[in-house]
Amino acid sequence: MTALLEIEEYRLAFDSFDGSAAVLDGIDLTIEAGSTLGIVGESGCGKSVLARSLLGLNPSPPARVASGQIRFEGRDLLTLRPAAMRALRGRRIAMIFQDPASYLNPVLSIATQMEDAIRGQDAAAGGAVRARRAARAHAHSLLGSVGLPDPARLLASYPHQLSGGMRQRVLIAMALAGDPTLLVADEPTTALDVTVQAQVLALIAELVRDRGLTLMLISHDLGVIAAACARIVVMYAGTVVEDAPTRALLEHPLHPYAQGLIAAVPDLDRPEITPRGIPGSIPSLLSPPSGCRFHPRCDRATARCAAEKPLLRELLPGRRVACHHATP
Amino acid sequence: MDRGLTLYLARRIGLAGLMLFGLICLTFVISNVAPSDPAALAAGPDAGRSQIEQARREYGLDKPLPEQFLRYVGDLAQGEFGRSIATGRSVGTDLLRYLPATLELCILAMLIGVLVGVPLGVLSAVLKDGPIDHVTRIFAVSGIAMPPFWFGLLLQLAFATGLGWLPTSGRLSVMTLPPDPITGLMLVDAVLRGQWDVFREGLSYIILPAIVLSFPCLASILRVNRGEMVETLRADYITAARAHGVTPWRMICVHALRNAMLPTLAIIGLRWGWMMSSTVLVETVFDWPGIGLYAVSSAIAGDFKPVMGVTLIVGLNFMIASLIVDLLYGVLDPRLREG
């Protein structure tokens, strides 16, 4: 398989009056074409910021790229000109978001929002811009393809008239408008009811399979990621701490933080085991801990952990971990 | 029209009716506490005590207050505002004569305010903290801070007296015959009648007072619109629109502006109401023959029926403006259409 997306030593800082926060501190990861990758971590670990970096959506200022490369199909996304970036949005890389209620424009009809996206992508590609009518026909078929009944009525409605699950389907349909290669899903089920969550996850899995999409799924919920992704990257405070195939990670996590995450998930089959939390809380990125960013919360931390940042190293074939003490 | 919208409208109109009643009570009270005796005024400066008493009976001013109030309301219902002592005409006739001039001035000022204020607000928000943003900020602060009569005098000094490009005051030169009225708005009438020379001359007279009147309005529209645009451009749905490939132009002018226009609209409505009342100062400085000048000259003469009439018109205008704003809210925001 060939790599579709390669992120190398990517550092992103957010500048503010209080100083510069190293929100992403040397991210390294690769997504193979046609594969599914999940990114898991606590809120604030930088996973959404990472996702937005792919489409140049982080507002700058305050965001500032400190170093690194994000190569997509061989081109560095971080140095793309705005027009070239616009040509990618929706057509090569598409994104779905967390809370469909706030990511749909409240005062525009679904038809207007979808038509504008379709026609905007046409314009950015430099070809002929479809007429509104043709764009609407495309929107109609997209809504049908994500399992929404009565697309014509849906197109005429406004976001507040739809249920949460319907809104998320509309956003997914919008993301498919440009027939993208890479689908980035940022917490797509977090704001939904559990039953609707399952439906939306099943829909995403189906689209990935049928359309041959490459998926980057971001969630704080290990269960969601495990259900949809073949590979998992665990992030902590702006760093990648472990990168492993899903099954291997769930059965035998190597990094103490990944071990903590898995121990924190309640097991429905074995309710007698109380899930354990990880002591402490996520550090301030304005003054992150020295060395390993996880060391203040880690029960295996030694003097070396506070002094030296552990490198992400291949400990087992296909498994990388950033910990001084990890053993196969 | 769906049921929700009808209900929404009915509620708004009902509220407006209540406000109108309050306004009528207020003007009545003002006329009664004003430190002048309308009977003495009506009878004339040389009238004796018995003549004044006769005038008092004639105007019904000797009746108890509740009865006077009922009569006042009854007269208003028939479009009767009373008689102006200074002009000798009924106040209703005078208002019909002076109102179009004020309306023309206010409409032009509001057009300037919206057509300059909204785009500048959008531009300042998009180029936030850039040079344009700083310039418009200074511009807006001075617009709100500068007293209109002083700004008017300055403009007169510069463009009329100094450069001689524009006339100082009035609505048209005394040598020019105004076009036969169709709408009462002179510029519109001149266009409708094809009298382009009159139109150009009228424009040279109206432009300075219109700029003075529009300045504070433009300034607040600009600031509110900028603030709302800055907020809206940070919204999640704008991030999503960018991610989906909506063109920047369409994203700013439709996706963001449509949301930012809701609070801006409220300011436009308020400003339209204020404009009708602040036109008093501008009309006095520029000798503009509108209801403001009419109210001022009547008040100086102690003639209170016209002042009451103008107050009522200004208040009514305020109410109509907020009603229209509420309606436009419903058009812009689909969430309000369902009650």
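Residues numbered from 1 in each chain as written. Chains lettered and ligands numbered in written order. Predicted model: local features only at pLDDT ≥ 70, side-chain atom pairs only at ≥ 80, totals over all residues.

A few words now on the overall build of chain A. When helices and strands are counted, chain A shows eleven helices and twelve strands. By the compact-globule yardstick of 20 Å for 328 residues, chain A fits well, its C-alpha radius of gyration being 21 Å. For chain A, the residues scored as buried account for 46% of the 328 residues in total. (Helix = DSSP H or I, 4+ residues; strand = E, 2+ residues; numbered from the N terminus. Rg over C-alpha atoms; globule rule 2.2 N^0.38 Å. Buried ≥ 20, exposed ≤ 12 C-beta atoms within 10 Å, placed from the backbone.)

Turning our attention to the sheet that holds strand E9 (residues 231-236) of chain A. Residue and element names in this part refer to chain A. As summarised here, the arrangement of the eight strands in space is E6-E7-E8-E3-E9-E10-E12-E11, forming an open sheet in which the pairing is mixed. Only two strands of the sheet have a single neighbouring strand rather than two, namely strand E6 (93-96) and strand E11 (313-316). Adjacent strand axes in the sheet meet at a mean angle of 25 degrees when their direction is disregarded. In the sheet, strand E3 (residues 36-40) pairs with E9 via four bridges, with the strands oriented parallel. Following the sheet pairing, Val-40 is matched in E9 by Val-234. Sheet strands touched by helix H6 (residues 164-175): E6 and strand E7 (182-186). Its angle to E6, the strand with the most contacts, is close to 175 degrees. Here helix H10 (residues 256-263) sits on the sheet in contact with E3, E9 and strand E10 (239-245), set at roughly 105 degrees to E9. (Pairing = 2+ DSSP bridges. Axes fitted to C-alpha atoms, helices over the stretch in contact; angles between N-to-C directions. Contact = placed C-beta atoms within 7 Å.)

Another point: helix H4 (residues 132-145) of chain A. Residue and element names in this part refer to chain A. Taking 1.5 Å of rise per residue, the 14 residues of H4 would be expected to cover 20 Å, and the 20 Å separating its terminal C-alpha atoms lies within 8% of that figure. Restricting attention to buried positions, one finds in H4 the residues Ala-135, Ala-139, Leu-142 and Leu-143. Looking down the long axis of H4, one finds its buried residues gathered within 95 degrees of arc, a one-sided arrangement. Among the exposed residues of H4, those oriented more than 90 degrees off its buried face are Arg-133 and Ser-141. Tucked into the core, H4 has its buried residues touching helix H3 (110-125), helix H5 (151-155) and H6. (Expected span 1.5 Å × (residues − 1). Arc of directions from axis to C-beta.)

Before going further, it helps to examine the UniProt feature "domain: ABC transporter" (unreviewed entry) in chain A. Listed under "domain: ABC transporter" (unreviewed entry) in the UniProt record, and renumbered for this structure, are residues 5-262 of chain A. The annotated region residues 5-262 of chain A carries 39% helix and 28% strand content, and the separation between its end C-alpha atoms amounts to 27 Å. (UniProt positions renumbered as here; feature names shortened; annotations may be inferred.)

What follows concerns the interface of chain A and chain B. One frequently used descriptor of interface size is the decrease in accessible area upon assembly of the parts. Each side of the interface is counted separately: chain A has 25 residues, and chain B has 19 residues. Looking at the side of chain A that touches chain B, the element that brings in the most residues is H3 of chain A, giving six residues. In terms of residue class, the side of chain A that touches chain B is built from 14 nonpolar, seven polar and four charged. (Nonpolar A, V, L, I, M, F, W, Y, C, P; charged D, E, K, R; others polar.)

Here chain B averages 85 in pLDDT, and 97% of its residues register 70 or above. We note a pTM of 0.83 for the whole complex and an ipTM of 0.87 for its interfaces. (pLDDT = per-residue confidence, 0-100.)

What follows covers the UniProt feature "domain: ABC transmembrane type-1" (unreviewed entry) in chain B. The UniProt record marks residues 99-329 of chain B with the feature "domain: ABC transmembrane type-1" (unreviewed entry), using the residue numbering of this structure. Along residues 99-329 of chain B one finds 81% helix and 0% strand; the C-alpha atoms at either end are 28 Å apart.

Residues and elements named next belong to chain B. Across the interface, helix H5 (residues 91-126) lies against helix H6 (residues 131-145) with an axial gap of 8 Å and an inter-helix angle of 135 degrees. When the axes of H5 and H6 are compared, the pair comes out oblique. The handedness of the crossing between H5 and H6 comes out as left-handed. Contacts between H5 and H6 involve Leu-120, Leu-123 and Ser-124 from the first element and Ile-132, Asp-133 and Thr-136 from the second. Classifying every residue of the contact of H5 with H6 by side-chain character gives three nonpolar, two polar and one charged. (Parallel < 35°, antiparallel > 145°, perpendicular 65-115°, else oblique. Left-handed = near helix turned anticlockwise from the far one by under 90°.)

All names here are of chain A. An order of E2-E1-E4-E5 is seen for the four strands of this open sheet, with the pairing classed as antiparallel. Each end of this open sheet is capped by a strand with a single partner; those strands are strand E2 (19-32) and strand E5 (75-76). For strand E1 (residues 3-16) and strand E4 (residues 63-72), the ladder comprises eight bridges, and the chain directions are antiparallel. When the sheet's bridge partners are listed, Ala-13 is paired in E4 with Arg-64. Where helix H1 (residues 47-54) meets the sheet, it contacts E1, E2 and E4, and its direction lies at approximately 65 degrees from that of E2.

The next thing to look at is the UniProt feature "transmembrane region" (unreviewed entry) in chain B. All names here are of chain B. Look at the UniProt record and you will see "transmembrane region" (unreviewed entry) annotated at residues 12-31, 107-127, 139-166, 202-224 and 307-332. Secondary structure content for residues 202-224 is 100% helix and 0% strand, while the C-alpha to C-alpha distance between its ends is 32 Å. As annotated, residues 307-332 has a helix share of 100% and a strand share of 0%, and its two end C-alpha atoms lie 37 Å apart.

Every other side chain in a regular strand lies on the same face of the sheet, so the side chains alternate between the two faces. All names here are of chain A. Of all seven residues in E10, six are buried; the element is thus mostly enclosed. Bridge analysis of E9 against E10 gives six bridges, and the strand direction is antiparallel. Across the sheet, residue Ile-232 finds its bridge partner in E10, namely Ala-244. In textbook terms, the turn of a hairpin is the stretch between consecutive antiparallel strands, and for E9 and E10 this stretch comprises two residues, one of which, Ala-237, has a positive phi near 50 degrees. As defined by bridge partners, E10 adjoins strand E12 (residues 319-321) across two bridges and the pair is classed as antiparallel. Bridge pairing in E12 places Glu-242 opposite Val-321.

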